[in-house]
Amino acid sequence: MSAPTTASGSAGPIAAEAPAALTDRAPQVPAERLVAEMVPPPRFATVSFDNYITDPGQPSQAEAVEALRAFAARLDGGTGAKGGRRRHWFRREAKPAATGGGPRGMYLDGGYGVGKTHLLASLWHATPAAPELKAFGTFVELTNLVGALGFQQTVRTLSGHRLLCIDEFELDDPGDTVLVSTLLGKLVEAGVALAATSNTLPGKLGEGRFAAADFLREIQGLSAHFRTLRIDGEDYRHRGLPAAPAPYSDDTVTRAAHRTPGASLDAFPALLEHLSRVHPSRYGAMCDGIQAVCLTGVGPVPDQSTALRLVVLADRLYDREVPVLASGVPFDRLFSEEMLSGGYRKKYFRAISRLTALARDAKRLADTPDGR
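Residues numbered from 1 in each chain as written. Predicted model: local features only at pLDDT ≥ 70, side-chain atom pairs only at ≥ 80, totals over all residues. Heavy atoms only, no water.

**With respect to the overall build of the protein**
When you go through the protein residue by residue, the secondary structure sums to 13 helices and eight strands. Relative to its 372 residues, the protein shows a buried fraction of 53%. For the protein, the share of sequence-separated contacts (at least 6 apart) that also reach a separation of at least 24 residues comes to 84%. For the protein, the accessible area works out to roughly 15,700 Å², and carbon and sulfur atoms hold 53% of it. (Helix = DSSP H or I, 4+ residues; strand = E, 2+ residues; numbered from the N terminus. Buried < 20%, exposed > 50% of the residue type's maximum accessible area, 1.4 Å probe, protein only. Contact = heavy atoms within 4.5 Å. Areas by Shrake-Rupley, 256 points an atom, 1.4 Å probe, with all protein chains shown as cover.)

So, in structure tokens, the structure goes:
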């Protein structure tokens, strides 16, 4: 009798429970879950201003921490008349202005990897209000919420919040930018405090120094409500860290998937095709319960639409700290030179940076017999 074969076609040990396949998952996500999950992702569930490691050579980082601490302290916790009662998602509640006369919004300006998301999540945690009175999400997640609830219902839902944090405000899609800017205008009128980070526009070379002007111009009438905090520094994911491990063989990846509890195993081309059939708002749910992602045959993405979907998946995996073990080409060869010099270049560099970090995390899966 011949030995059982792995997904790559080579002989190998088969675990009692075969790895999952992301390509088998197409979850349906109700609107209520989209609202309830507008909290900092697991990677940032316990961050704080105290554990943000500032670079002594970049004083703007410490200055940003102190400014955000003061901003959080000015926000009304809303525990008086409400007595700490849980607010219903779809009922608007009147409340006083959120920031006691100070700026109504904070914009964190800087390149990728300088800790903007860490600081934004720290602000969410530090704001003295119940979790259901604060919302945290990426720009894409916010537009997905509008798509699920409709514009007016989204306004009613979020108007009851003390704070809305928007990570990676997109400046490369004019339609969505106008939509969200209009939404933010309604929320400011309702007294909601805002905080945001953003991407730069095409041609800005990912430096971040032009992002503030771009952001304030795009949100037009809201710009007077925002204070800009410049955060200088290098990508922390590469500070003193070893280079990303080279890709492994198909056999190594497949064997690791079979011996690692909670791992998924997919051929990269099949996964890219599957992503085209699942709305990006559902990529997070698609990763529910996955402890490691194993990919065979990683290669350059064929077009920009596919690349942008992969960026969203990379963000969701990074948020959840899911290691990625892969065979094929290194992650810094996923995107073509044309993509890396085009309008979405910052998204692609962010995805490369995050996938590289997750590849480092996955090295132990290939190096240890039991994947632990």
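That covers the picture; the talk isn't over yet.
**Brief notes about the pairing of strand S6 (residues 263–267)**
With four of five residues buried, S6 lies mostly within the body of the structure. Sheet topology note: the S6/strand S7 (residues 292–298) ladder contains five bridges and is parallel. Directly across from Ala 263, in S7, lies its bridge partner Ala 292. (Pairing = 2+ DSSP bridges.)

**Things to note about the packing of aromatic side chains**
Applying the stated criterion across every chain, the model contains two aromatic pairs. Look at Phe 335 and Tyr 348: their rings are 4.6 Å apart centre to centre, the planes differ by 20°, and that puts the pair in the stacked class. Taken together, the residues Phe 335 in the loop between strand S8 (324–328) and helix H12 (337–340) and Tyr 348 in helix H13 (residues 345–367) connect sequence positions 13 residues apart. Each member of the pair Phe 335 and Tyr 348 is classed as buried. Between Arg 43 and the ring centre of Tyr 318, over which it is positioned, the NZ or CZ distance is 3.7 Å. Lys 134 extends its terminal NZ or CZ atom over the ring of Trp 124, reaching a point 4.2 Å from the ring centre. (Phe/Tyr/Trp six-rings, centres within 6.5 Å; stacked < 30°, edge-to-face > 60°. Lys NZ or Arg CZ within 6 Å of the ring centre and 35° of its normal.)

**Regarding the sheet that holds S7**
In spatial order, the strands read S6-S7-S8; together these three strands make up an open sheet with parallel pairing. The sheet is open, and its two edges are formed by S6 and S8, each paired on a single side. Within the sheet, the average angular offset between the axes of one strand and its neighbour, ignoring direction, is 15°. Relative to S8, H13 is tilted by about 85°, and along the sheet it contacts S7 and S8. (Axes fitted to C-alpha atoms, helices over the stretch in contact; angles between N-to-C directions.)

**With respect to the pattern of salt bridges**
Scanning the entire structure with this criterion turns up 13 salt bridges. Across the pair Arg 69 and Asp 50 runs a salt bridge whose closest N-O atoms are separated by 2.7 Å. Of this pair, Arg 69 sits in helix H2 (residues 59–74) while Asp 50 sits in the loop between helix H1 (31–36) and H2, and the two are 19 residues apart along the sequence. The partly exposed category is assigned to Arg 69, whose relative accessible area is 33%. Here Asp 50 falls in the exposed class, since its relative accessible area comes to 65%. (Salt bridge = Lys/Arg side-chain N within 4 Å of Asp/Glu carboxyl O.)

**Some remarks on the packing of H2 against helix H3 (residues 116–126)**
The N-to-C vectors of H2 and H3 enclose an angle of 30°; their axes lie 9 Å apart at closest approach. In terms of orientation, H2 lies roughly parallel with respect to H3. Along this stretch, H2 crosses H3, giving a crossing that reads as right-handed. On H3, the residues that touch Ala 64, Val 65, Leu 68, Phe 71 and Ala 72 of H2 are Leu 119, Leu 123 and Ala 126. Its residues placed into classes, the contact of H2 with H3 shows eight nonpolar, no polar and no charged. (Parallel < 35°, antiparallel > 145°, perpendicular 65-115°, else oblique. Left-handed = near helix turned anticlockwise from the far one by under 90°. Nonpolar A, V, L, I, M, F, W, Y, C, P; charged D, E, K, R; others polar.)

**Remarks on the sheet that holds strand S1 (residues 105–109)**
Within a sheet, adjacent strands bond to each other through the backbone by hydrogen bonds, running parallel or antiparallel. Strands sit in the order S2-S3-S4-S1-S5 across an open sheet of five strands; the sheet is parallel. The two strands at the open ends of the sheet, each matched to only one other strand, are strand S2 (134–138) and strand S5 (226–230). Direction aside, the axes of adjacent strands within the sheet are offset by 15° on average. The sheet contacts of helix H6 (residues 174–189) involve strand S3 (163–169) and strand S4 (193–198), and relative to S3 the element is tilted by about 160°.

**With respect to the nonpolar core**
Ranked by internal contacts, the top residues of the largest apolar core, which has 64 residues, are Leu 119, Leu 123, Leu 313 and Phe 335. Examining the composition of this core, we find that eight residues originate from one element, helix H11 (residues 304–319), more than from any other. Ignoring anything within four residues of it in the chain, the contact list for Phe 335 reads Val 301, Ala 307, Leu 310, Val 311, Leu 340, Tyr 348, Ala 351 and Ile 352. Ala 135, Leu 158, Val 188 and Ala 285 belong to the second-largest nonpolar core, a separate cluster that totals 30 residues. (Core = buried A, V, L, I, M, F, W, Y, C linked by side-chain atoms within 4.5 Å.)

**Some thoughts on the packing of helix H4 (residues 139–149) against H6**
The contact between H4 and H6 brings their axes to 11 Å, and the two run at 75°. Taken together, the axes of H4 and H6 are roughly perpendicular relative to one another. Taken together, the residues of H6 that come into contact with H4 (itself represented by Phe 139, Leu 142, Thr 143 and Val 146) are Asp 176, Thr 177, Leu 179, Val 180 and Leu 183. Classifying every residue of the contact of H4 with H6 by side-chain character gives six nonpolar, two polar and one charged.

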